[in-house]
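Next come the chains, spelled out residue by residue.
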Amino acid sequence: MSMKNQGLALAGVAAAMLLSPTAIAGDDVRYIVKYQQGKGQAVRAQVQSEKGKVKLDLPGHRAMAVSLTPGALKAMQNHPHVEYVEEDVKRYLLSESTPFGIPMVQADQLSDAAAGNTKVCIIDSGYDGGHEDLLQGAVVAGTNDPGTGNWNTDENGHGTHVAGTIAGIGGNGKGVVGVLPSGNLNLHIIKVFGADGWAYSSGLVAALDACKAAKGSENMVINMSLGGDRKSRTEERAFNQADSEGILSIAAAGNDGNTRHSYPASYSSVVSVAAIDSNKMIADFSQQTDQVELAGPGVAVLSTVPMGSASVASLSVAGSPVDASGMEGSPNGSISGDLVDCGLGESACANAAGKVCLISRGNIAFSDKVLACEAGGGVGAIVYNNEPGMLFGTLGGVATSIPSVGISDTDGAALLGQLGATASIDVTADNYAYFNGTSMATPHVVGVAALVWSHHSECSNSDIRSALVATAEDLGTAGRDNAYGHGLVQAKAASDHLASNGCGGGDTGGGGGGGNGGGKGKPNR
(Lines give C-alpha, C1' and ligand atoms only; values in the text may rest on other atoms or scores of the structure.)
Protein backbone atom coordinates (compact mmCIF):
# COMPACT_ATOMS: atom_id res chain seq x y z
CA MET A 1 0.00 0.00 0.00
CA SER A 2 1.38 3.40 -0.90
CA MET A 3 1.94 6.11 1.72
CA LYS A 4 -0.84 8.12 0.14
CA ASN A 5 -3.31 5.30 0.64
CA GLN A 6 -2.21 5.03 4.26
CA GLY A 7 -2.96 8.70 4.94
CA LEU A 8 -6.02 10.28 6.50
CA ALA A 9 -8.75 10.58 3.86
CA LEU A 10 -11.96 12.46 3.10
CA ALA A 11 -15.12 10.40 3.42
CA GLY A 12 -17.23 11.36 0.37
CA VAL A 13 -17.57 8.58 -2.17
CA ALA A 14 -18.02 8.97 -5.92
CA ALA A 15 -17.54 12.57 -6.99
CA ALA A 16 -19.55 15.61 -7.83
CA MET A 17 -22.94 14.72 -9.24
CA LEU A 18 -24.60 17.42 -11.13
CA LEU A 19 -27.86 19.21 -11.60
CA SER A 20 -29.80 18.51 -14.78
CA PRO A 21 -32.38 21.18 -15.65
CA THR A 22 -34.07 20.82 -19.01
CA ALA A 23 -33.05 23.38 -21.61
CA ILE A 24 -34.50 24.19 -25.03
CA ALA A 25 -32.69 22.30 -27.75
CA GLY A 26 -32.93 22.34 -31.50
CA ASP A 27 -31.08 21.19 -34.57
CA ASP A 28 -29.60 24.67 -35.08
CA VAL A 29 -28.44 27.49 -32.84
CA ARG A 30 -31.14 29.91 -31.75
CA TYR A 31 -30.85 33.69 -32.30
CA ILE A 32 -32.82 36.89 -31.84
CA VAL A 33 -33.15 38.91 -35.07
CA LYS A 34 -33.96 42.63 -34.70
CA TYR A 35 -35.51 44.02 -37.92
CA GLN A 36 -36.36 47.47 -39.27
CA GLN A 37 -39.81 49.02 -38.92
CA GLY A 38 -42.33 47.32 -41.25
CA LYS A 39 -39.86 44.68 -42.46
CA GLY A 40 -40.94 41.74 -40.32
CA GLN A 41 -42.57 39.79 -43.14
CA ALA A 42 -39.56 40.22 -45.42
CA VAL A 43 -37.20 38.99 -42.70
CA ARG A 44 -39.49 36.06 -41.89
CA ALA A 45 -39.49 35.05 -45.56
CA GLN A 46 -35.71 35.20 -45.60
CA VAL A 47 -35.47 32.99 -42.54
CA GLN A 48 -37.74 30.42 -44.14
CA SER A 49 -35.87 30.54 -47.43
CA GLU A 50 -32.69 29.72 -45.52
CA LYS A 51 -34.49 26.69 -44.00
CA GLY A 52 -34.52 28.33 -40.61
CA LYS A 53 -37.45 28.32 -38.20
CA VAL A 54 -39.20 31.15 -36.41
CA LYS A 55 -39.50 30.06 -32.78
CA LEU A 56 -41.11 33.15 -31.23
CA ASP A 57 -42.42 36.51 -32.47
CA LEU A 58 -41.71 39.66 -30.48
CA PRO A 59 -43.59 42.24 -32.62
CA GLY A 60 -43.55 44.91 -29.93
CA HIS A 61 -39.77 44.82 -30.08
CA ARG A 62 -39.49 44.40 -33.90
CA ALA A 63 -37.75 41.09 -33.28
CA MET A 64 -38.17 37.35 -33.62
CA ALA A 65 -36.41 34.33 -32.16
CA VAL A 66 -35.22 31.99 -34.89
CA SER A 67 -33.09 28.89 -35.34
CA LEU A 68 -30.44 29.22 -38.02
CA THR A 69 -27.70 27.14 -39.57
CA PRO A 70 -24.23 28.75 -39.62
CA GLY A 71 -24.70 29.64 -43.28
CA ALA A 72 -28.10 31.20 -42.68
CA LEU A 73 -26.67 33.20 -39.78
CA LYS A 74 -24.23 34.97 -42.07
CA ALA A 75 -27.00 35.73 -44.55
CA MET A 76 -29.18 37.24 -41.84
CA GLN A 77 -26.33 39.34 -40.48
CA ASN A 78 -25.91 40.84 -43.97
CA HIS A 79 -29.63 41.30 -44.65
CA PRO A 80 -30.45 44.98 -45.47
CA HIS A 81 -33.58 44.98 -43.27
CA VAL A 82 -31.91 43.45 -40.19
CA GLU A 83 -30.52 45.79 -37.54
CA TYR A 84 -28.68 43.09 -35.62
CA VAL A 85 -28.57 39.38 -34.80
CA GLU A 86 -27.66 38.11 -31.36
CA GLU A 87 -27.64 34.70 -29.73
CA ASP A 88 -30.86 33.81 -27.92
CA VAL A 89 -29.04 32.96 -24.73
CA LYS A 90 -30.47 30.52 -22.19
CA ARG A 91 -31.93 31.41 -18.84
CA TYR A 92 -32.38 28.97 -15.97
CA LEU A 93 -34.50 28.91 -12.87
CA LEU A 94 -32.73 30.73 -10.05
CA SER A 95 -34.48 29.10 -7.16
CA GLU A 96 -33.56 27.79 -3.76
CA SER A 97 -34.07 24.11 -3.16
CA THR A 98 -34.35 22.10 0.04
CA PRO A 99 -32.26 18.91 -0.23
CA PHE A 100 -34.20 15.80 0.75
CA GLY A 101 -32.10 15.29 3.86
CA ILE A 102 -33.21 18.51 5.58
CA PRO A 103 -36.82 17.44 6.31
CA MET A 104 -35.68 13.85 6.76
CA VAL A 105 -33.69 14.87 9.87
CA GLN A 106 -36.49 17.26 11.00
CA ALA A 107 -34.25 20.32 10.62
CA ASP A 108 -37.15 22.24 9.08
CA GLN A 109 -39.22 21.69 12.25
CA LEU A 110 -36.86 23.52 14.60
CA SER A 111 -35.86 27.18 14.52
CA ASP A 112 -32.16 28.01 14.45
CA ALA A 113 -32.66 31.57 15.69
CA ALA A 114 -30.44 30.85 18.70
CA ALA A 115 -27.69 29.16 16.70
CA GLY A 116 -25.26 31.91 17.66
CA ASN A 117 -24.59 30.18 20.96
CA THR A 118 -23.07 27.20 19.11
CA LYS A 119 -19.99 26.86 16.94
CA VAL A 120 -19.26 24.16 14.38
CA CYS A 121 -15.63 23.45 13.59
CA ILE A 122 -15.21 21.80 10.18
CA ILE A 123 -11.94 19.92 9.68
CA ASP A 124 -11.74 19.36 5.95
CA SER A 125 -10.39 20.72 2.64
CA GLY A 126 -11.30 24.37 3.15
CA TYR A 127 -14.21 26.67 2.42
CA ASP A 128 -15.06 28.75 -0.64
CA GLY A 129 -14.96 32.19 0.95
CA GLY A 130 -16.66 33.79 -2.04
CA HIS A 131 -19.58 31.38 -2.44
CA GLU A 132 -22.97 32.99 -3.04
CA ASP A 133 -24.80 30.63 -0.66
CA LEU A 134 -22.36 30.31 2.24
CA LEU A 135 -21.85 32.37 5.38
CA GLN A 136 -19.34 35.20 5.21
CA GLY A 137 -18.07 37.85 7.60
CA ALA A 138 -17.81 37.72 11.36
CA VAL A 139 -19.60 34.38 11.83
CA VAL A 140 -16.94 32.54 9.80
CA ALA A 141 -13.28 32.23 10.75
CA GLY A 142 -10.60 29.69 10.12
CA THR A 143 -7.12 28.38 10.71
CA ASN A 144 -4.54 27.75 8.02
CA ASP A 145 -2.78 24.42 8.30
CA PRO A 146 0.86 24.33 7.18
CA GLY A 147 1.13 23.14 3.59
CA THR A 148 -2.54 23.35 2.64
CA GLY A 149 -2.99 27.07 1.93
CA ASN A 150 -5.68 29.47 3.05
CA TRP A 151 -8.70 28.10 4.90
CA ASN A 152 -11.11 30.21 2.81
CA THR A 153 -10.15 28.49 -0.45
CA ASP A 154 -11.04 24.92 -1.39
CA GLU A 155 -9.14 23.20 -4.18
CA ASN A 156 -10.82 19.88 -3.47
CA GLY A 157 -14.49 20.93 -3.10
CA HIS A 158 -15.25 18.48 -0.30
CA GLY A 159 -15.18 20.95 2.60
CA THR A 160 -17.38 23.45 0.80
CA HIS A 161 -19.97 20.72 0.17
CA VAL A 162 -19.94 19.76 3.87
CA ALA A 163 -20.34 23.40 4.91
CA GLY A 164 -23.38 23.88 2.66
CA THR A 165 -25.20 20.95 4.24
CA ILE A 166 -24.60 22.40 7.68
CA ALA A 167 -25.24 26.08 7.01
CA GLY A 168 -26.33 26.81 3.42
CA ILE A 169 -28.11 30.18 3.63
CA GLY A 170 -31.90 30.11 3.49
CA GLY A 171 -34.22 32.74 2.07
CA ASN A 172 -31.78 34.20 -0.45
CA GLY A 173 -33.33 32.57 -3.51
CA LYS A 174 -30.09 30.77 -4.34
CA GLY A 175 -28.80 27.26 -4.13
CA VAL A 176 -29.69 25.13 -1.14
CA VAL A 177 -30.91 25.30 2.44
CA GLY A 178 -28.67 23.89 5.16
CA VAL A 179 -29.63 22.32 8.47
CA LEU A 180 -29.04 25.75 10.09
CA PRO A 181 -30.00 28.22 7.32
CA SER A 182 -30.54 31.51 9.17
CA GLY A 183 -26.94 32.72 9.07
CA ASN A 184 -26.63 32.82 12.87
CA LEU A 185 -24.34 29.82 13.27
CA ASN A 186 -20.65 30.38 13.99
CA LEU A 187 -18.29 28.37 11.79
CA HIS A 188 -14.59 27.74 12.20
CA ILE A 189 -12.77 26.10 9.28
CA ILE A 190 -9.59 24.06 9.66
CA LYS A 191 -8.02 23.20 6.32
CA VAL A 192 -6.01 20.00 6.63
CA PHE A 193 -6.52 18.63 3.11
CA GLY A 194 -5.23 20.04 -0.14
CA ALA A 195 -6.38 19.13 -3.63
CA ASP A 196 -5.10 15.55 -3.26
CA GLY A 197 -7.41 14.88 -0.30
CA TRP A 198 -5.15 13.22 2.26
CA ALA A 199 -3.28 14.12 5.45
CA TYR A 200 -1.82 12.54 8.62
CA SER A 201 -3.32 11.70 11.99
CA SER A 202 -0.88 14.16 13.58
CA GLY A 203 -2.42 16.86 11.40
CA LEU A 204 -5.85 15.86 12.65
CA VAL A 205 -4.68 16.21 16.26
CA ALA A 206 -3.29 19.66 15.46
CA ALA A 207 -6.60 20.56 13.81
CA LEU A 208 -8.48 19.42 16.91
CA ASP A 209 -6.26 21.68 19.00
CA ALA A 210 -7.06 24.57 16.64
CA CYS A 211 -10.79 23.89 17.04
CA LYS A 212 -10.41 23.94 20.83
CA ALA A 213 -8.48 27.20 20.67
CA ALA A 214 -11.30 28.75 18.61
CA LYS A 215 -14.10 27.53 20.86
CA GLY A 216 -14.68 30.64 22.96
CA SER A 217 -17.85 30.66 25.06
CA GLU A 218 -19.97 28.74 22.56
CA ASN A 219 -20.79 25.06 22.68
CA MET A 220 -18.78 23.31 19.96
CA VAL A 221 -19.49 20.44 17.55
CA ILE A 222 -16.67 19.17 15.31
CA ASN A 223 -17.37 17.81 11.81
CA MET A 224 -14.91 15.24 10.47
CA SER A 225 -15.98 13.83 7.11
CA LEU A 226 -12.76 11.85 7.00
CA GLY A 227 -11.13 8.76 8.36
CA GLY A 228 -8.67 5.91 8.06
CA ASP A 229 -8.54 2.25 8.97
CA ARG A 230 -5.70 2.37 11.52
CA LYS A 231 -5.84 3.63 15.10
CA SER A 232 -3.59 6.24 16.63
CA ARG A 233 -3.08 6.34 20.41
CA THR A 234 -2.17 10.02 20.26
CA GLU A 235 -5.28 10.79 18.23
CA GLU A 236 -7.57 8.74 20.49
CA ARG A 237 -6.26 10.40 23.63
CA ALA A 238 -6.71 13.83 22.05
CA PHE A 239 -10.37 13.14 21.28
CA ASN A 240 -10.95 11.66 24.71
CA GLN A 241 -9.55 14.86 26.19
CA ALA A 242 -11.75 17.03 23.93
CA ASP A 243 -14.78 15.01 25.00
CA SER A 244 -13.96 15.60 28.66
CA GLU A 245 -13.70 19.33 27.90
CA GLY A 246 -17.27 19.43 26.58
CA ILE A 247 -16.68 19.19 22.82
CA LEU A 248 -18.91 16.91 20.71
CA SER A 249 -16.88 15.22 17.94
CA ILE A 250 -18.67 13.54 15.02
CA ALA A 251 -17.06 11.61 12.16
CA ALA A 252 -17.86 9.55 9.07
CA ALA A 253 -18.10 5.78 9.50
CA GLY A 254 -16.28 5.20 6.19
CA ASN A 255 -17.09 4.26 2.60
CA ASP A 256 -15.47 0.87 2.05
CA GLY A 257 -18.77 -1.00 2.34
CA ASN A 258 -17.29 -3.54 4.76
CA THR A 259 -17.19 -4.23 8.49
CA ARG A 260 -13.83 -2.68 9.26
CA HIS A 261 -13.58 0.17 11.72
CA SER A 262 -12.63 3.65 10.57
CA TYR A 263 -10.95 6.23 12.78
CA PRO A 264 -11.54 8.70 14.39
CA ALA A 265 -15.21 7.62 14.05
CA SER A 266 -14.62 4.39 15.98
CA TYR A 267 -13.15 5.97 19.11
CA SER A 268 -15.66 5.89 21.98
CA SER A 269 -15.38 9.68 22.36
CA VAL A 270 -16.50 10.27 18.73
CA VAL A 271 -19.94 9.72 17.16
CA SER A 272 -19.74 7.41 14.11
CA VAL A 273 -22.17 8.23 11.29
CA ALA A 274 -23.54 5.88 8.62
CA ALA A 275 -25.11 6.95 5.30
CA ILE A 276 -28.65 6.23 4.10
CA ASP A 277 -30.47 7.13 0.89
CA SER A 278 -33.72 9.02 0.32
CA ASN A 279 -35.68 5.80 1.00
CA LYS A 280 -33.93 5.44 4.38
CA MET A 281 -32.01 2.39 3.19
CA ILE A 282 -28.37 1.93 4.16
CA ALA A 283 -25.97 2.93 1.39
CA ASP A 284 -24.02 0.01 -0.05
CA PHE A 285 -20.74 1.88 0.57
CA SER A 286 -21.44 2.68 4.24
CA GLN A 287 -19.25 0.69 6.62
CA GLN A 288 -21.11 -1.43 9.15
CA THR A 289 -19.47 -1.83 12.55
CA ASP A 290 -20.27 -2.11 16.24
CA GLN A 291 -19.22 1.54 16.57
CA VAL A 292 -21.83 3.01 14.19
CA GLU A 293 -24.01 5.24 16.36
CA LEU A 294 -26.28 7.34 14.12
CA ALA A 295 -27.29 7.57 10.47
CA GLY A 296 -27.79 10.54 8.18
CA PRO A 297 -28.68 11.21 4.53
CA GLY A 298 -25.60 10.47 2.42
CA VAL A 299 -26.68 9.48 -1.11
CA ALA A 300 -27.11 12.08 -3.87
CA VAL A 301 -26.85 14.97 -1.42
CA LEU A 302 -27.09 18.38 -3.10
CA SER A 303 -24.89 21.09 -1.63
CA THR A 304 -22.46 23.90 -2.39
CA VAL A 305 -19.15 23.44 -4.22
CA PRO A 306 -16.57 26.10 -5.12
CA MET A 307 -18.11 28.63 -7.50
CA GLY A 308 -18.12 27.43 -11.09
CA SER A 309 -16.59 24.03 -10.30
CA ALA A 310 -19.72 21.95 -10.97
CA SER A 311 -21.82 21.60 -14.10
CA VAL A 312 -25.42 21.91 -15.18
CA ALA A 313 -26.20 19.45 -17.93
CA SER A 314 -29.12 19.04 -20.30
CA LEU A 315 -29.72 16.41 -22.96
CA SER A 316 -32.37 16.04 -25.63
CA VAL A 317 -32.77 13.29 -28.21
CA ALA A 318 -35.11 13.68 -31.18
CA GLY A 319 -36.34 16.88 -29.55
CA SER A 320 -37.37 15.23 -26.27
CA PRO A 321 -35.55 15.95 -22.99
CA VAL A 322 -33.65 13.16 -21.22
CA ASP A 323 -32.54 13.48 -17.59
CA ALA A 324 -28.76 13.77 -17.51
CA SER A 325 -25.93 14.69 -15.16
CA GLY A 326 -22.72 16.32 -16.32
CA MET A 327 -19.57 14.31 -15.81
CA GLU A 328 -17.43 15.99 -13.16
CA GLY A 329 -14.60 17.64 -15.08
CA SER A 330 -16.47 17.76 -18.39
CA PRO A 331 -15.68 20.81 -20.50
CA ASN A 332 -18.57 23.21 -20.99
CA GLY A 333 -20.22 23.46 -24.38
CA SER A 334 -23.30 22.90 -26.53
CA ILE A 335 -23.17 20.30 -29.31
CA SER A 336 -25.54 18.34 -31.53
CA GLY A 337 -25.05 15.26 -33.66
CA ASP A 338 -26.56 11.95 -34.70
CA LEU A 339 -26.61 9.33 -31.94
CA VAL A 340 -24.25 6.39 -32.51
CA ASP A 341 -23.78 3.22 -30.41
CA CYS A 342 -20.19 2.89 -29.15
CA GLY A 343 -20.73 -0.16 -26.94
CA LEU A 344 -18.44 -0.14 -23.90
CA GLY A 345 -16.20 2.54 -25.39
CA GLU A 346 -13.06 0.48 -24.90
CA SER A 347 -11.49 1.55 -28.20
CA ALA A 348 -11.85 4.39 -30.70
CA CYS A 349 -15.52 4.47 -31.65
CA ALA A 350 -15.93 3.66 -35.34
CA ASN A 351 -18.30 5.82 -37.38
CA ALA A 352 -18.47 8.46 -34.62
CA ALA A 353 -17.12 11.39 -36.64
CA GLY A 354 -19.37 14.41 -35.99
CA LYS A 355 -21.74 12.28 -33.91
CA VAL A 356 -22.73 11.83 -30.25
CA CYS A 357 -21.45 8.60 -28.71
CA LEU A 358 -23.80 6.41 -26.63
CA ILE A 359 -21.62 4.30 -24.31
CA SER A 360 -22.37 1.70 -21.65
CA ARG A 361 -20.79 1.92 -18.21
CA GLY A 362 -18.39 -0.89 -17.36
CA ASN A 363 -14.79 -2.19 -17.32
CA ILE A 364 -12.82 1.03 -17.79
CA ALA A 365 -12.81 4.58 -16.44
CA PHE A 366 -15.37 7.10 -17.66
CA SER A 367 -12.54 9.30 -18.91
CA ASP A 368 -11.24 6.48 -21.14
CA LYS A 369 -14.71 6.04 -22.61
CA VAL A 370 -14.97 9.73 -23.42
CA LEU A 371 -11.46 9.68 -24.93
CA ALA A 372 -12.48 6.69 -27.08
CA CYS A 373 -15.38 8.78 -28.38
CA GLU A 374 -13.00 11.65 -29.13
CA ALA A 375 -10.60 9.29 -30.90
CA GLY A 376 -13.38 8.31 -33.28
CA GLY A 377 -14.23 11.96 -34.00
CA GLY A 378 -17.25 12.13 -31.69
CA VAL A 379 -18.45 15.58 -30.59
CA GLY A 380 -20.13 14.52 -27.33
CA ALA A 381 -20.47 11.47 -25.07
CA ILE A 382 -23.43 9.95 -23.21
CA VAL A 383 -22.58 7.20 -20.72
CA TYR A 384 -25.51 5.14 -19.45
CA ASN A 385 -25.61 3.15 -16.22
CA ASN A 386 -25.34 -0.63 -16.12
CA GLU A 387 -27.27 -0.80 -12.85
CA PRO A 388 -30.52 0.85 -11.72
CA GLY A 389 -30.47 4.62 -11.33
CA MET A 390 -28.88 7.75 -12.69
CA LEU A 391 -25.18 7.67 -13.55
CA PHE A 392 -23.23 10.36 -11.72
CA GLY A 393 -19.66 10.14 -12.91
CA THR A 394 -16.30 11.85 -12.80
CA LEU A 395 -13.49 12.13 -15.32
CA GLY A 396 -11.03 11.96 -12.45
CA GLY A 397 -9.05 14.99 -13.51
CA VAL A 398 -8.34 13.59 -16.99
CA ALA A 399 -8.52 16.32 -19.66
CA THR A 400 -11.13 15.75 -22.36
CA SER A 401 -12.33 18.13 -25.05
CA ILE A 402 -15.98 17.17 -25.62
CA PRO A 403 -19.04 17.62 -23.36
CA SER A 404 -20.00 14.41 -21.57
CA VAL A 405 -22.98 13.38 -19.45
CA GLY A 406 -24.33 10.39 -17.58
CA ILE A 407 -27.86 8.95 -17.80
CA SER A 408 -29.81 6.11 -16.20
CA ASP A 409 -29.88 2.50 -17.30
CA THR A 410 -33.49 2.76 -18.46
CA ASP A 411 -32.87 5.87 -20.52
CA GLY A 412 -29.78 4.23 -22.01
CA ALA A 413 -31.83 1.24 -23.10
CA ALA A 414 -34.42 3.56 -24.65
CA LEU A 415 -31.77 5.52 -26.57
CA LEU A 416 -30.43 2.30 -28.09
CA GLY A 417 -33.73 2.29 -29.96
CA GLN A 418 -33.18 5.86 -31.22
CA LEU A 419 -29.79 5.51 -32.90
CA GLY A 420 -29.43 8.02 -35.73
CA ALA A 421 -31.68 10.59 -34.04
CA THR A 422 -30.28 14.04 -33.27
CA ALA A 423 -28.86 14.29 -29.76
CA SER A 424 -28.07 17.68 -28.20
CA ILE A 425 -25.88 18.10 -25.11
CA ASP A 426 -25.42 21.32 -23.18
CA VAL A 427 -22.98 21.56 -20.24
CA THR A 428 -22.46 24.82 -18.36
CA ALA A 429 -20.70 25.74 -15.10
CA ASP A 430 -22.61 25.65 -11.81
CA ASN A 431 -22.03 26.18 -8.08
CA TYR A 432 -23.87 23.16 -6.63
CA ALA A 433 -23.37 19.42 -6.93
CA TYR A 434 -24.58 16.05 -5.69
CA PHE A 435 -22.10 13.96 -3.65
CA ASN A 436 -22.39 10.49 -2.12
CA GLY A 437 -20.69 9.35 1.05
CA THR A 438 -20.66 9.05 4.80
CA SER A 439 -18.96 12.44 4.40
CA MET A 440 -22.34 13.83 3.39
CA ALA A 441 -24.22 12.03 6.18
CA THR A 442 -21.89 13.43 8.85
CA PRO A 443 -22.74 17.15 8.40
CA HIS A 444 -26.45 16.31 8.68
CA VAL A 445 -25.79 14.84 12.12
CA VAL A 446 -23.39 17.66 13.04
CA GLY A 447 -25.95 20.27 11.98
CA VAL A 448 -28.69 18.58 13.98
CA ALA A 449 -26.46 18.36 17.05
CA ALA A 450 -25.67 22.07 16.81
CA LEU A 451 -29.33 22.92 16.20
CA VAL A 452 -30.56 20.92 19.20
CA TRP A 453 -27.78 22.28 21.39
CA SER A 454 -28.76 25.85 20.45
CA HIS A 455 -32.15 25.19 22.10
CA HIS A 456 -30.59 23.59 25.18
CA SER A 457 -27.31 25.42 25.61
CA GLU A 458 -27.20 24.54 29.31
CA CYS A 459 -26.79 20.84 28.46
CA SER A 460 -23.46 19.06 28.14
CA ASN A 461 -22.03 17.42 25.05
CA SER A 462 -22.88 14.00 26.48
CA ASP A 463 -26.47 15.16 27.15
CA ILE A 464 -26.87 16.17 23.50
CA ARG A 465 -25.30 12.94 22.29
CA SER A 466 -27.56 10.84 24.49
CA ALA A 467 -30.67 12.73 23.34
CA LEU A 468 -29.78 12.16 19.68
CA VAL A 469 -29.36 8.46 20.36
CA ALA A 470 -32.56 8.17 22.43
CA THR A 471 -34.73 9.79 19.76
CA ALA A 472 -33.20 8.45 16.54
CA GLU A 473 -35.67 6.86 14.13
CA ASP A 474 -35.03 3.13 14.36
CA LEU A 475 -34.17 1.65 10.96
CA GLY A 476 -33.21 -1.84 9.85
CA THR A 477 -33.20 -4.51 12.54
CA ALA A 478 -35.15 -3.47 15.65
CA GLY A 479 -32.88 -1.76 18.12
CA ARG A 480 -29.29 -0.77 17.51
CA ASP A 481 -27.54 -2.54 14.63
CA ASN A 482 -24.20 -2.25 12.89
CA ALA A 483 -25.63 -0.72 9.71
CA TYR A 484 -27.80 2.13 11.02
CA GLY A 485 -26.57 2.36 14.59
CA HIS A 486 -29.47 3.66 16.68
CA GLY A 487 -31.07 5.08 13.53
CA LEU A 488 -31.73 8.30 11.64
CA VAL A 489 -30.98 11.44 13.65
CA GLN A 490 -34.11 13.55 14.45
CA ALA A 491 -33.78 17.22 15.44
CA LYS A 492 -37.28 18.00 16.72
CA ALA A 493 -37.61 14.72 18.60
CA ALA A 494 -34.26 15.23 20.35
CA SER A 495 -35.11 18.80 21.35
CA ASP A 496 -38.53 17.72 22.65
CA HIS A 497 -36.87 14.90 24.58
CA LEU A 498 -34.57 17.33 26.36
CA ALA A 499 -37.43 19.74 27.03
CA SER A 500 -39.44 16.95 28.66
CA ASN A 501 -36.69 15.13 30.52
CA GLY A 502 -34.05 17.75 31.20
CA CYS A 503 -30.41 17.61 30.25
CA GLY A 504 -29.57 14.46 32.19
CA GLY A 505 -32.99 12.81 32.02
CA GLY A 506 -33.84 9.73 30.03
CA ASP A 507 -30.23 8.94 29.13
CA THR A 508 -29.78 5.83 27.05
CA GLY A 509 -26.05 6.20 26.71
CA GLY A 510 -24.25 6.22 23.40
CA GLY A 511 -20.94 5.61 21.82
CA GLY A 512 -18.94 2.48 21.86
CA GLY A 513 -15.48 1.11 22.29
CA GLY A 514 -12.29 2.68 21.11
CA GLY A 515 -8.89 1.21 21.04
CA ASN A 516 -5.18 1.60 21.04
CA GLY A 517 -2.75 1.46 18.21
CA GLY A 518 -0.74 3.65 15.94
CA GLY A 519 -0.16 4.62 12.36
CA LYS A 520 -1.50 6.89 9.69
CA GLY A 521 -5.00 7.36 8.36
CA LYS A 522 -6.51 8.24 4.98
CA PRO A 523 -9.32 10.61 3.85
CA ASN A 524 -12.54 8.82 2.91
CA ARG A 525 -14.27 10.33 -0.09
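Higher on the page you've got the structure.
Remember, predicted model here, so these are calculated numbers, not experimental data.

Chemist: Got a minute to help me understand the pairing of strand S21 (residues 356-360) in this structure?
Modeler: For a regular strand, side chains alternate in direction, first toward one face of the sheet and then toward the other. Burial runs high along S21: 5 of the 5 residues are buried. On S21, burial covers both faces: Val356, Leu358 and Ser360 on one face and Cys357 and Ile359 on the other are all buried. Relative to S21, strand S20 (residues 333-341) runs parallel, the two being bridged by 3 bridges. If you follow Val340 over to S21, its bridge partner there is Cys357. With 5 bridges connecting them, S21 and strand S22 (residues 380-384) associate as parallel partners. The residue bridging Val356 from the neighbouring strand is Gly380, located in S22. In this view, the connection linking S21 to its parallel neighbour S22 by way of helix H8 (residues 366-375) has right-handed handedness.

Chemist: Mind showing me how you'd approach the state of the cysteines here?
Modeler: When the sulfur atoms of two cysteines share a covalent bond, that bond is a disulfide. The full count for this structure, using the stated rule, is 4 disulfides. The disulfide partner of Cys357 is Cys373, and the gap between their sulfur atoms is 2.2 Å. For the disulfide bridge between Cys357 and Cys373, the dihedral angle about the S-S bond is near 85°, and by the sign convention the bridge is right-handed. Here Cys373 lies in helix H8 and Cys357 lies in strand S21, a separation of 16 residues in the sequence. As far as burial versus exposure is concerned, Cys357 and Cys373 are alike and both buried.

Chemist: I would appreciate a short explanation of the packing of helix H6 (residues 201-213) against helix H7 (residues 233-244) in the present structure.
Modeler: Packed helix pairs are specified by the crossing angle of their axes together with the interaxial distance, meaning the distance between the axes. It is the contact of H6 with H7, at a shortest axis distance of 9 Å, that shows an interaxial angle of 15°. On the basis of their axis angle, the class for H6 and H7 is roughly parallel. As for the relative orientation of H6 and H7, their crossing is left-handed in sense. Where H6 approaches H7, its residues Ser201, Leu204, Val205, Leu208 and Lys212 are matched on the opposing element by Thr234, Glu235, Ala238, Phe239, Gln241 and Ala242. Here the residues of the contact of H6 with H7 sort into 6 nonpolar, 3 polar and 2 charged.

Chemist: Sorry, what's going on with the packing of helix H10 (residues 438-455) against helix H11 (residues 461-471) here?
Modeler: The contact between H10 and H11 brings their axes to 10 Å, and the two run at 115°. The hand of the H10/H11 crossing is right-handed. Residues Val448, Ala449, Val452 and Trp453 of H10 pack against Asn461, Ile464 and Leu468 of H11.

Chemist: What am I meant to see in the environment of Leu302 here?
Modeler: Within the element layout of this structure, Leu302 appears in strand S16 (residues 301-304). Owing to a relative accessible area of 9%, Leu302 belongs among the buried residues under this scheme.

Chemist: Whenever I open this one, the sheet that holds strand S4 (residues 53-58) confuses me. Can you help?
Modeler: Sheet strands line up and pair through hydrogen bonds in the backbone, either parallel or antiparallel. Overall, antiparallel pairing links the 4 strands, which are arranged S4-S5-S3-S6 in an open sheet. Looking along the sheet, the strands with just one partner apiece sit at the ends: S4 and strand S6 (82-87). Across this sheet, the average inter-strand angle for adjacent strands is 25°, counted without regard to direction. Alignment of strand S3 (residues 29-35) against S6, held across 5 bridges, turns out to be antiparallel. In the strand pairing of S6, Tyr35 is matched with Val82. Sitting on the sheet, helix H2 (residues 40-49) touches S3, S4, strand S5 (63-68) and S6, and the angle it makes with S5 is about 10°.

Chemist: Explanation requested: helix H3 (residues 70-77) in the structure shown.
Modeler: In an α-helix there are 3.6 residues to a turn, and that puts residues three or four apart on one side. Along H3, the residues classified as buried are Ala72, Leu73 and Met76. Taken end-on, H3 shows its buried residues confined to a sector of 105°, consistent with a single buried face. Every exposed residue of H3 that faces more than 90 degrees away from the buried side is listed here: Pro70, Gly71 and Lys74. Buried residues along H3 sit in contact with S3, H2, S5 and S6.

Chemist: Help me understand the sheet that holds strand S13 (residues 248-252), please; the structure alone is not making it clear to me.
Modeler: Pairing is parallel in the open sheet, where 7 strands are placed in the order S8-S9-S7-S11-S13-S14-S15. With partners counted over all chains shown, the strands left at the sheet margins are strand S8 (140-144) and strand S15 (292-297), one partner each. In this sheet, adjacent strand axes meet at a mean angle of 25° when their direction is disregarded. Direction of pairing for strand S14 (residues 270-276) relative to S15: parallel, over a ladder of 5 bridges.

The rules behind these values
Residues numbered from 1 in each chain as written. Predicted model: local features only at pLDDT ≥ 70, side-chain atom pairs only at ≥ 80, totals over all residues. Heavy atoms only, no water. Buried < 20%, exposed > 50% of the residue type's maximum accessible area, 1.4 Å probe, protein only. Helix = DSSP H or I, 4+ residues; strand = E, 2+ residues; numbered from the N terminus. Pairing = 2+ DSSP bridges. Right-handed = clockwise from strand over helix to strand, strands pointing away. Disulfide = S-S within 2.5 Å. Axes fitted to C-alpha atoms, helices over the stretch in contact; angles between N-to-C directions. Parallel < 35°, antiparallel > 145°, perpendicular 65-115°, else oblique. Left-handed = near helix turned anticlockwise from the far one by under 90°. Contact = heavy atoms within 4.5 Å. Nonpolar A, V, L, I, M, F, W, Y, C, P; charged D, E, K, R; others polar. Arc of directions from axis to C-beta.

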